[in-house]
Structure formats: C-alpha cells, structure tokens
Amino acid sequence: MSNIDDQVNEYYNKLLKRNAGEPEFHQAVAEVLDSLKIVLEKDPHYADYGLIQRLCEPERQVMFRVPWVSDNNNVHVSRGFRVQFNSALGPYKGGLRFHPSVNLGIIKFLGFEQIFKNSLTGLPIGGGKGGSDFNPKGRSEGEIMRFCQSFMTELYRHIGEYRDVPAGDIGVGGREIGFLFGQYRRLTNEHESGVLTGKGLTWGGSLVRTEATGYGCVYFTAEMMKEHGESFDGAKVIVSGSGNVAIYAIEKAQQLGATVIGFSDSSGWVETPNGVDVELLKKVKEVDRGRVADYVEQTEGATLHTDGTIWSLTADVALPCATQNELNGEHAQMLVDNGVKYVAEGANMPSTPEAIDVFQENGVHFGPGKAANAGGVATSALEMQQNASRDAWSFEYTDERLHKIMTSIFRRSADTAAEFGREGNYVVGANITGFKKVADAMLAQGVI
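Since we're looking at a predicted model, the values are computed, not measured.

**A word on the overall build of the chain**
Part 1 of the argument: A count of helices and strands for the chain gives 16 helices and 12 strands.
Part 2 of the argument: Computed over C-alpha atoms, the radius of gyration of the chain comes to 21 Å, within 12% of the 22 Å expected from 2.2 N^0.38 for 448 residues, which places it in the range of a compact globule.
Part 3 of the argument: The C-alpha extent of the chain, read off along each of the three principal axes, is 60 × 50 × 40 Å.
Part 4 of the argument: Counting every position in the chain, which comprises 448 residues, the buried fraction comes to 57%.
Part 5 of the argument: A separation of at least 24 residues holds for 72% of the contacts in the chain among residues at least 6 apart in sequence.
Part 6 of the argument: On the chain, roughly 17800 Å² of surface is accessible, and the fraction owed to carbon and sulfur atoms is 47%.

Listed below in structure tokens is the structure:
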C-alpha cells in the first residue's frame with residue numbers, strides 16, 4: 001500500500017469514529033476519497049494544510065427543535081437541521097428535506113455531496129443542506145404552514161442571500177417554500193428574494209426551476225449516450241420515483257423520443273409499456289397529491305405492482321430518481337442481465353457501492369448524482385442571479401443555460417477521467433473535477 005493509501009485510510013478510520021452512526025455520510029466520503037487517491041499521487045500539495053480533513057468537516061452544524069400545533073391542538077416537537085458544509089466558492093447552497101428518515105447523518109451526506117455538485121456547475125455557490133424529520137404526508141395545509149413557520153423562526157438566523165440560500169428537496173415543494181419565505185419576510189421585515197430558491201413565479205421564482213433536476217438528468221444522460229453514438233430516440237427508459245425529479249425526467253426523455261416503461265413511489269411501481277401520460281401523472285402527484293395506484297385507475301395500459309422491483313424491467317436506460325440507496329447490487333445485476341447500457345442518478349446517491357461496482361464491471365455507462373442531478377441547484381443559482389439583478393428570464397433562455405451547464409458537466413467529467421487514466425469512469429471524473437475547484441479555493445484562502 002502506498003503512503004497516500006495509508007494516509008487516506010488512516011484519516012477515513014478516524015472519520016468513522018468521529019462520526020459514529022452516520023452510514024450514509026461514511027458512504028459518501030468513502031466514494032470521494034477513493035477517487036482522490038489518484039489526485040493526491042499526482043498532486044501531493046492537495047494533502048497540505050489539512051485540506052482533506054477540513055473538506056470532510058462541516059464549517060457549521062445547526063440542530064434545533066421545531067414545536068408545532070396540529071389541527072386537534074396537540075403539540076408536536078420535530079427536529080430541524082442545517083449543515084453549512086463549505087463556503088469556499090460562495091454562499092452555502094442546498095435544499096431542505098422534510099421526511100421522517102432525516103437525521104444528522106443524512107443531512108451531512110447530502111451536504112457533503114452538495115459541495116462537489118455545486119462546484120461542477122461552475123457557478124459561485126458553496127455546499128450545504130438542511131431539513132427536518134417532520135413528515136408532511138397526511139398533514140393538512142394548516143399543519144404544514146404552522147410547521148414551516150416554526151421551522152423558519154429558528155432557521156432565519158442562519159441564512160441570507162450572501163450567507164446561505166436553501167431550496168426544496170423531498171417533502172419541500174412550492175407550497176412549503178412559500179410558507180417558509182412568508183415567515184422569513186415577516187421576521188426580517190425584508191423582501192430578500194434571494195434567500196430561498198424554488199419560489200413562485202410571481203414573487204421571485206425562476207422558470208425551469210421546477211423542471212430543472214429532471215431535465216438536467218436527461219440532458220446529462222443524452223450527452224453520455226451521444227459519446228457512445230446513441231440517443232434517447234427509440235430507447236426504453238425506467239424512471240424510479242414519481243416526485244418532481246422523476247416527473248420531469250420522464251417528460252424530457254419522452255420529448256427526446258424515448259418510451260418510459262415504468263415509474264414508482266413508496267407504495268409500488270407501475271409498468272407502462274406504451275409510455276407515460278405525463279399530464280395525468282402531474283395531476284395525480286402535483287395537484288391531487290395521490291399515489292401511483294390513482295394513476296393506474298385513470299389510464300389504460302398501465303399495471304400496478306406492489307411486490308417485486310421496477311429494476312426487473314427490460315430497458316436501455318435506467319434513471320433512479322427516488323431516494324438514497326434504492327438500487328442495490330442485486331438490482332444492478334438485474335438491469336445488466338436485461339440489457340441496460342446507461343444509468344444516471346436523478347436522486348442523491350440512489351445506487352449502493354455494490355450497484356456501482358456491478359455497473360462498472362459490466363460496461364454500463366454510469367452517471368453519478370453529483371453530476372447527473374446538478375441541474376436543480378444550477379437553476380437555483382440562475383434564480384439567484386435573476387433575483388440579484390431584479391430580472392426574469394424566459395423559459396427558453398433559462399433552459400438553454402441549463403442545457404449548456406449539464407453538457408459542460410459531462411464534458412469536464414469525461415475529460416478529467418481520461419486525464420487521470422480512468423477513461424469512461426464518470427464517478428472519478430466528477431469527483432476530481434468538483435474537488436479541484438473547491439480545493440484550489442480553500443488553499444488560496446488559508447487555513448480557515
């Protein structure tokens with residue numbers, strides 16, 4: 001084992017002890033450190049001044065209680081988080097997740113990934129993440145409003161358009177962003193539109209922000225397919241999930257000529273051999289806030305499955321767009337056996353390390369989430385630009401900017417992988433590309 005291997009492994013073992021009980025964070029760090037070994041061999045100055053240790057330690061972690069009152073006048077206490085991980089490139093930027101699975105380790109994993117994702121966009125934004133273990137499912141609009149107001153009553157002290165700019169994530173859509181922004185405005189007596197992104201179009205939001213993560217994932221995948229002489233035209237595609245990212249990945253893939261043959265939610269998965277009625281899916285999920293069973297009831301040619309896995313379908317492209325670690329090694333082998341050639345992550349770290357190994361060992365072209373799902377935060381940064389200039393761009397112009405950013409992310413990831421002797425390994429390419437920009441900024445700014 002080389003000296004670099006020894007140093008990295010020693011540090012990682014210390015990180016495990018220092019951050020016990022946070023397996024998702026451990027997983028995210030391990031993937032990045034594995035890629036960085038070849039950088040440290042070539043450019044050992046990146047090991048100076050404790051840079052790796054500083055990169056893996058958040059600049060600030062805020063955890064707070066969120067008391068709120070339900071419709072039946074019962075008091076509930078949820079837990080809120082904001083992890084401000086790295087601001088070397090700009091103000092912290094990253095979403096808020098409201099889901100019962102949220103804990104400090106989940107938020108740290110998401111914030112750590114956000115550092116490199118934001119760096120890859122080429123825009124001046126740092127990495128952060130936040131959220132709560134509050135579950136909005138089954139709650140009335142009044143309960144959600146009161147929770148959001150209580151959450152922002154603490155969070156507002158730690159954010160600002162030049163400090164930290166949250167956005168949405170799982171469980172936090174336009175409705176929740178509206179409640180959060182309203183409370184921020186009430187507390188500060190300022191209409192600081194740049195403090196949150198994902199806002200409504202009439203009060204500072206950006207066109208394409210709703211579509212951005214799903215569209216961006218497809219744009220990245222299209223570039224990956226183009227690199228190998230193929231396209232979405234005529235391809236069969238599996239998209240897991242049916243939230244915001246999945247819906248707009250489905251929409252864009254079908255606009256490019258693909259047939260999406262399956263999607264899912266936590267209650268089951270739907271087989272759609274003739275493609276997806278996107279407008280109906282939007283109505284079911286975004287308007288009616290229903291389940292995939294409601295979609296099946298309202299359309300012909302779709303079949304609901306409550307057992308098995310969506311990854312058993314035969315397709316050319318798979319886009320996991322639901323949640324972390326949803327696609328394991330067994331699922332990956334199913335996809336390989338059924339002919340999938342391209343996988344791109346629309347969610348954050350939806351593939352386990354075992355799944356990624358299966359894809360790479362079998363020649364499946366794999367786009368990691370920090371690259372493939374960077375479209376959402378890229379368009380959030382474009383929203384920040386519009387807020388700063390008191391401007392509003394057209395859908396076409398903003399979509400063009402998004403497309404160029406995703407093309408650039410793919411190109412730089414591919415070129416960096418080749419430069420370091422790992423041609424076609426977009427995990428290594430994305431990790432190194434994202435790391436070097438942040439690392440150079442950190443070294444230039446001193447030990448802080």
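**Remarks on the sheet that holds strand β3 (residues 92–98)**
Across a sheet, strands are paired by hydrogen bonds formed along the backbone, either parallel or antiparallel in direction.
Part 1 of the argument: Ordered in space as β1-β2-β4-β3-β5, the 5 strands form an open sheet in which the pairing is mixed. Only two strands of the sheet have a single partner each, and these edge strands are β1 (60–69) and β5 (164–167). When strand polarity is set aside, the average angle formed by the axes of neighbouring strands in this sheet is 20°.
Part 2 of the argument: Pairing geometry for β3 and β5, over 4 bridges, is parallel. The partner of G94 across the bridge, within β5, is P166.
Part 3 of the argument: Contacts between helix α4 (residues 104–120) and the sheet are confined to β1, β2 (75–86), β3 and β4 (126–132), with β4 contributing the most and set at about 150° to the helix.

**Describing the domain arrangement of the chain**
Part 1 of the argument: Parsing the chain into structural domains produces domain 1 (4–55), domain 2 (58–188) and domain 3 (211–363).
Part 2 of the argument: On a C-alpha basis, the centroid separation for the pair domain 1 and domain 3 is 32 Å.
Part 3 of the argument: Residue-level contacts link 4 residues of domain 1 with 6 residues of domain 3.
Part 4 of the argument: With both sides pooled, the region where domain 1 packs onto domain 3 buries about 340 Å², and carbon together with sulfur makes up 59% of that total.
Part 5 of the argument: Looking at the side of domain 1 facing domain 3, the largest losses of area belong to E24, Q27 and E31, adding up to 92% of the total buried there.
Part 6 of the argument: Scanning the region where domain 1 abuts domain 3 turns up 0 salt bridges.
Part 7 of the argument: Where domain 1 touches domain 3, the interface holds 1 residue pair in polar contact (both at pLDDT 80 or more).
Part 8 of the argument: Residue composition of the side of domain 1 that touches domain 3, grouped by class: 1 nonpolar, 1 polar and 2 charged.

**Here we look at the environment of V292**
Part 1 of the argument: Within the secondary structure, V292 sits in helix α10 (residues 292–297).
Part 2 of the argument: On the accessibility criterion, V292 (0% relative accessible area) is buried.
Part 3 of the argument: C-alpha separation for the pair V292 and G216, spaced 76 residues apart in sequence, amounts to 24 Å.
Part 4 of the argument: Once residues within four sequence positions are removed from consideration, V292 is found in contact with S242, F263, S264, D265, S267, G268, V270, K285 and L304.

**Overview of the nonpolar core**
Part 1 of the argument: Counting residues in hydrophobic clusters, the biggest one holds 58 residues, and the most contacted among them are Y295 and L319.
Part 2 of the argument: No other element matches the 8 residues that helix α7 (residues 212–227) contributes to this core.
Part 3 of the argument: Taken domain by domain, this core gets at least three of its residues from each of domain 2 (58–188) and domain 3 (211–363).
Part 4 of the argument: Contacts of L319, omitting those with residues within four sequence positions, involve C217, V218, T221, V237, I238, V239, S240, A249, W311 and A344.
Part 5 of the argument: Counting residues in hydrophobic clusters, the runner-up holds 41 residues, among them F25, V29, Y46 and V83.

**Re the pattern of salt bridges**
Part 1 of the argument: Scanning the entire structure with this criterion turns up 25 salt bridges.
Part 2 of the argument: Where D5 meets K37, a salt bridge forms, and the shortest distance between an N and an O atom there is 3.7 Å. Within this pair, whereas D5 is found in helix α1 (residues 3–18), its partner K37 is found in helix α2 (residues 23–42), the two being separated by 32 residues in sequence.
Part 3 of the argument: On the basis of relative accessible area, K37 is assigned to the buried category, the value being 17%.
Part 4 of the argument: Overlapping salt bridges, with partners in common, bring together E31, E113 and K370 in one network.

**Concerning the UniProt feature "binding site: substrate" (unreviewed entry) in the chain**
Part 1 of the argument: Taking the numbering used here, the UniProt-annotated feature "binding site: substrate" (unreviewed entry) corresponds to K93, Q114, K117, G168 and S380.
Part 2 of the argument: Looking at where S380 falls in the secondary structure, it is placed in helix α14 (residues 375–388).
Part 3 of the argument: Discounting residues that sit within four places of it in the chain, S380 has contacts with K93, A167, T197 and R209.

**Here's the deal with the side chain of K129**
Part 1 of the argument: Following the sequence through the fold, K129 ends up in strand β4.
Part 2 of the argument: A polar contact of 3.1 Å, which involves the side chain of K129, links it to the side chain of D169.
Part 3 of the argument: If sequence neighbours within four positions are ignored, K129 has contacts with R82, V83, G94, G95, I107, L110, G111, Q114, D169 and N348.

**Focus on a nonpolar patch on the surface**
Part 1 of the argument: Together, V69, V75 and V77 give the surface a local cluster of nonpolar side chains, amounting to about 270 Å² of exposed area.
Part 2 of the argument: You can see V75 is positioned in strand β2.
Part 3 of the argument: Using a relative accessible area of 61% as the deciding quantity, one classes V75 as exposed.

Thresholds, definitions, all that
Residues numbered from 1 in each chain as written. Predicted model: local features only at pLDDT ≥ 70, side-chain atom pairs only at ≥ 80, totals over all residues. Heavy atoms only, no water. Helix = DSSP H or I, 4+ residues; strand = E, 2+ residues; numbered from the N terminus. Rg over C-alpha atoms; globule rule 2.2 N^0.38 Å. Buried < 20%, exposed > 50% of the residue type's maximum accessible area, 1.4 Å probe, protein only. Contact = heavy atoms within 4.5 Å. Areas by Shrake-Rupley, 256 points an atom, 1.4 Å probe, with all protein chains shown as cover. Pairing = 2+ DSSP bridges. Axes fitted to C-alpha atoms, helices over the stretch in contact; angles between N-to-C directions. Domains from an automatic or database assignment. Buried area = accessible area lost by both parts, 1.4 Å probe. Salt bridge = Lys/Arg side-chain N within 4 Å of Asp/Glu carboxyl O. Polar contact = N/O pair within 3.5 Å; in protein donor to acceptor, adjacent residues only side chain to side chain. Nonpolar A, V, L, I, M, F, W, Y, C, P; charged D, E, K, R; others polar. Core = buried A, V, L, I, M, F, W, Y, C linked by side-chain atoms within 4.5 Å. UniProt positions renumbered as here; feature names shortened; annotations may be inferred. Patch = residues over 30% accessible without salt bridge, like charges linked within 9 Å, V, L, I, M, F, W, Y side chains within 5 Å.

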